[in-house]
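Okay, here's what each chain looks like letter by letter:
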Amino acid sequence: MENELALLNNYLVVGAMLFGIGVIGFVSRRNMIIIFLAAEMMLQGVSLSLVAWARYHNDFGGQMFVVFIITVAACEAALALALILMLFRASGSLDIALWQHLREANQPAYVDEEIPELEVKSPTWPRLVPAGRQPELDRSDTEHRPSV
Amino acid sequence: MPTIVSIVLGALGMWLLLPRPSLRGRLAGAALAAAAAGLLAGQLPGLAAALDQALFSILAAVTVASAAAAVSLKNPVYCAIWFAMTVLGTAGLFLLQGAQFLAVATIVVYAGAIVVTFLFVLMLAEPGARAAYDRLSWEAMLSAVGGAMLIGVLSTVVGGLLAGGPAGAAAARGEAELAAGVLQDGHVAALGRAMFTDYWIAVQAGGLLLLAALVGAAAIVSGGRSPAAPEADPRPPEDQPPAEEH
Amino acid sequence: MYLVIESLIKIVVIIGGLMGAAAYLVLVERRVAAWIQDRRGPNRVGIPLTEIRLFGLGQPIADGVKFIFKEEFVPGHVDRLLYVAAPMVMFIAAIVLFAAIPFGTVDLGIAGWAPINLVVAPGLDVGIIYIFAVSSIAVYGVLLGSWASNNKYAFFGGVRSAAQLISYEIPLGVAILGVVLATGSLRLEAIVEAQAATGVWNVATQPLGLLVFLVASFAESGRLPFDLAESEQELVGGFHTEYSGIKLMMYLVAEYLHMIAGSFLIVLLFFGGWHFWGLTGDGPVAGIGVALVRIAVFLAKVLAVILFFMIARWSWPRFRFDQLMGLAWKVMLPLGLVNLVAVAVWIEYLRTPLVAAGLPEGLVMAVAGWLLLGVAGLAATAAAPSARDNRPDRSLVARYRDAREAR
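Described in the following lines is the structure provided in the data block.

Rules behind the numbers
- Residues numbered from 1 in each chain as written.
- Chains lettered and ligands numbered in written order.
- Predicted model: local features only at pLDDT ≥ 70, side-chain atom pairs only at ≥ 80, totals over all residues.
- Heavy atoms only, no water.
- Helix = DSSP H or I, 4+ residues; strand = E, 2+ residues; numbered from the N terminus.
- Expected span 1.5 Å × (residues − 1).
- 1 Å grid on protein atoms, 1.4 Å probe; cavity = no way out; pocket = protein on both sides within 12 Å on 5 of 7 lines; lining within 4 Å.
- Points joined across faces, edges and corners; volume = space filled by probe spheres on them.
- Nonpolar A, V, L, I, M, F, W, Y, C, P; charged D, E, K, R; others polar.
- Phe/Tyr/Trp six-rings, centres within 6.5 Å; stacked < 30°, edge-to-face > 60°.
- Buried < 20%, exposed > 50% of the residue type's maximum accessible area, 1.4 Å probe, protein only.
- Lys NZ or Arg CZ within 6 Å of the ring centre and 35° of its normal.
- Contact = heavy atoms within 4.5 Å.
- Buried area = accessible area lost by both parts, 1.4 Å probe.
- Salt bridge = Lys/Arg side-chain N within 4 Å of Asp/Glu carboxyl O.
- Polar contact = N/O pair within 3.5 Å; in protein donor to acceptor, adjacent residues only side chain to side chain.
- Axes fitted to C-alpha atoms, helices over the stretch in contact; angles between N-to-C directions.
- Parallel < 35°, antiparallel > 145°, perpendicular 65-115°, else oblique.
- Left-handed = near helix turned anticlockwise from the far one by under 90°.

**Thoughts on helix α3 (residues 61-91) of chain A**
For α3(A), spanning 31 residues, the distance from its first C-alpha to its last is 44 Å, which sits close to the expected 45 Å at 1.5 Å a residue. Immediately beyond the C-terminal end of α3(A), within one or two residues, lies Gly92(A), with a positive phi of roughly 80 degrees.

In structure tokens, the structure reads:
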């Protein structure tokens, strides 16, 4: 039935999309933890493809691989967070651009050209229901005018 | 028989819904009409496959949308939460393919432990969305174009969108085995059997890896403090002798 | 198609029963607390709009109406989306947990109808891990709600509560693994049927597992003696300081649902579920009468465990946070692992020879299990530092002060 095959293609495409979005996030974000989140997303995409192939070939090898990927992801998370913690202690911020001196020798440094303005929303004060009696309105005064 | 029941319920529901002198029973009418529509839709022949596709479409859309949100929002806590949503979507997709154990294992490990640890670190270390480095990204245009091209290449080559790709050529294989239901019995038993007979080396290696990561993470975070630090006075400060003037 | 109708009916029954149970268990808790404290509980609110005091049975209705009619405001300084979403996450996780709890299998005797599994999700092969997974999602509700409150002290309480929840998930899992190993299946129906078939409940053969699971359940629901995160005397409300109205009601109801779910699991895993010698049958499928008796027995056992939870709240003082974490990692986890290893050794090496030698397996396992409990308890008591000195470690204070002055 081509339903099943279509499902396999769909799962592979979804896995590829997750992987691609992970690559985009990994390469372009500056917050160390978001970079790591994107790496984990790449692993999710790969896991999805592996499970799809495992189902297609009716073989548990793919699922076993994904169990191993989950294990590796957990270990990687622990170690990466430990390293990020040390970097945060040394530099005081989670910005990875502060560690640019570790780049290759012939690369130019990255400098922030323009930092977008932080939009400060004026605080919205809560509107309280008015308590007490309504003031007496002179009805005749308000009804003769076209607008108040 | 269900068709007759659905027709009766549908008539009753529509009668209650249509404008009448008294407005009572609108809610009951809506509920009855929905139930009738559901019953009638259950009589459609191709519904099982259509439901499967619909469920897959919803889950896939949620997963991809959450992934896109997770890498593009300014507030990193929101990014982590949308990543947790992505993980839930992926777990749902695993469940839809019959990998129940992987689905719940993904939720337990990823959404329940890894993302929670991320959230701890983010909440304790982040100044919200006010940091400059969260509002900027490196080479946004290049990375987006490159990532999109990567997705396209992967989809066409691996996904077989082109005719004659590797997945397309294997259409003749018997897919009767795949018709096994999503919640087949004995899945965990079969997976466990495979795990401890064919792949037991991987299981042992995984255990060793976890041990190494545990020791390594503890060593990295507590490293730097020399073990020969002099023991400070354990008495509470008010009991200690007063510090001498320097 | 009939599966959909059947599932819908089960969902409605479970959700309705849970909401009613959560409401009335609050009343039961207040009466039990009053009984322990030598006073009466709420006993005046009976039938609404009359003077009839029906032993205070109208109190939950009054409380619910009060919560619903409270002004629903969102403070100006909070993160709106997360503030509103966090209680919902915790509430949803608490309810979805009940999709895998089995009440038995009933054969209505109508020709052509298969026996009905009284579970919302009948075919789930990973039953107990599903419950474990959903209770890990509940951590989000606490963490996000406390962070969204934009309040240092609420956040502090939330971080403590989240750390407690994730620390006690591990002893919970290890205790569950002991039962799963002994039974050979992850499905809750199979665990109950295994206990019913031999007649020996898991409390007799794995009391150490029961102890670890009980302590971990107390901690996972945030009940005393583990409720430092929302201790009413110290931090004003912990992670739910900034909440009021229906959102607060969702948090409190979710906490009660976690307690109820923990009780259900304790009864299912260790106390035989719906099985009672002589009253209910031994087989998995039952007729309608026996099925009703089974449900009644199950609910009676769950109510007994819930009463134990409530009495325990007023019997022991609260743990300090470092004591709480030390208990999880240094006492409960090793005990759970010892239990797991003992069960594994039993199943692999000792079961077959002893059964072949003709000894009653249940009796030998019971003796071995309770001996293990005694030995482990003595070892933990001898090794625990609380036997010597319970005060917090003040040497850290001096060390940090020196480090700060040296900088």
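**Thoughts on empty space enclosed by the protein**
All names here are of chain C. Summed over the entire model, instances satisfying the criterion amount to six cavities of 30 Å³ or more. Of the voids in this model, the largest cavity is the one considered here, and its volume is about 200 Å³. Taken together, 20 residues form the lining of the largest cavity, with Met90, Ser161, Ser221, Gly222 and Phe239 sitting closest to its centre. Taken together, the elements giving at least two residues each to the lining of the largest cavity come down to α4 (127-148), α5 (152-183), α8 (207-221) and α9 (245-270). Among the elements that make up the lining of the largest cavity, the one with the highest residue count is α9 (four residues). A class-by-class count of the residues in the lining of the largest cavity yields nine nonpolar, seven polar and four charged. One number sums up the size of the second largest cavity: a volume of about 160 Å³.

**Structural notes on the packing of aromatic side chains**
For any pair of aromatic rings, the description consists of the separation of the ring centres together with the inter-plane angle of the planes. On inspection of all chains with the given rule, the structure shows 15 aromatic pairs over all chains. Between Tyr11(A) and Phe56(B), the aromatic rings sit 4.7 Å apart at their centres with planes inclined by 75 degrees, giving edge-to-face as the arrangement. Note that Tyr11(A) is positioned in helix α1 (residues 2-28) and Phe56(B) in helix α3 (residues 47-72), a pairing that runs across two chains. Arranged with centres 5.8 Å apart and planes meeting at 70 degrees, the rings of Phe103(C) and Phe264(C) form a pair that is edge-to-face. One end of the pair, Phe103(C), is in the loop between α3 (80-96) and β1 (105-106); the other, Phe264(C), is in helix α9, and 161 residues separate them in sequence. Residue Phe103(C) is classed as buried on the basis of its relative accessible area of 15%. With a relative accessible area of 7%, Phe264(C) lands in the buried category. The structure contains a cluster of three or more aromatic residues connected by ring pairs, namely Phe98(C), Phe103(C), Phe264(C) and Phe298(C). One residue, Arg160(C), lies across the ring of Phe321(C), its end atom 5.4 Å from the ring centre. In this structure, Arg294(C) packs its charged tip against the face of Trp274(C), placed 3.9 Å from the ring centre.

**Re the interface of chain B and chain C**
Chain B puts 35 residues into the contact, and the matching count from chain C is 34 residues. On the chain B side of the interface with chain C, the three residues burying the most area are Tyr78(B), Phe120(B) and Met123(B), jointly 20% of the side's total. Our enumeration of links across chain B and chain C arrives at zero salt bridges. Connecting chain B to chain C are five residue pairs in polar contact (both at pLDDT 80 or more). Contributing elements (two or more residues each) for the side of chain B that touches chain C: α2 (26-41), α4 (76-96), α5 (100-125) and α8 (187-197) of chain B.

**What to know about the packing of α9(C) against helix α10 (residues 288-313) of chain C**
Residues and elements named next belong to chain C. For the pair α9 and α10, the least separation of the axes is 9 Å and the interaxial angle reads 120 degrees. Here α9 is positioned oblique relative to α10, judged by the angle of their axes. Crossing handedness for the pair α9 and α10: right-handed. Taken together, the residues of α10 that come into contact with α9 (itself represented by Tyr256, Met259, Ile260, Ser263, Phe264, Ile266, Val267 and Leu268) are Phe298, Leu299, Lys301, Val302, Val305, Ile306, Phe309 and Met310. Tallied by class, residues from the contact of α9 with α10 come to 14 nonpolar, one polar and one charged.

**Re the environment of Leu7(A)**
As for its placement among the helices and strands, Leu7(A) is situated in helix α1. Apart from the residues lying within four places of it in its own chain, the contact partners of Leu7(A) are Asp52(B), Gln53(B) and Phe56(B).

**As for the interface of chain A and chain B**
On the side of chain B, 83 residues touch chain A, which itself brings 80 residues to the contact. Where chain A abuts chain B, roughly 7500 Å² becomes buried across the two surfaces, and 75% of that area is made up of carbon and sulfur atoms. When the area that chain A buries against chain B is broken down by residue, the three leading residues are Arg29(A), Gln44(A) and Met64(A), summing to 9%. At the boundary of chain A with chain B, the tally comes to zero salt bridges. On the surface where chain A and chain B come into contact, there are five residue pairs in polar contact (both at pLDDT 80 or more). For the side of chain A that touches chain B, the secondary structure elements donating two or more residues are α1, α2 (32-57) and α3 of chain A.

**What to know about helix α1 (residues 2-36) of chain C**
Residue and element names in this part refer to chain C. Here α1 is 35 residues long and its end C-alpha atoms lie 49 Å apart, about the 51 Å a rise of 1.5 Å per residue gives. Within α1, burial applies to Lys10, Ile14, Leu18, Ala22, Leu25, Leu27, Glu29, Val32, Ala33 and Ala34. Elements that come into contact with the buried residues of α1 comprise α2 (59-69), β2 (116-117), α9 and α10. Backbone geometry just after α1 places Asp38 at a positive phi near 65 degrees.

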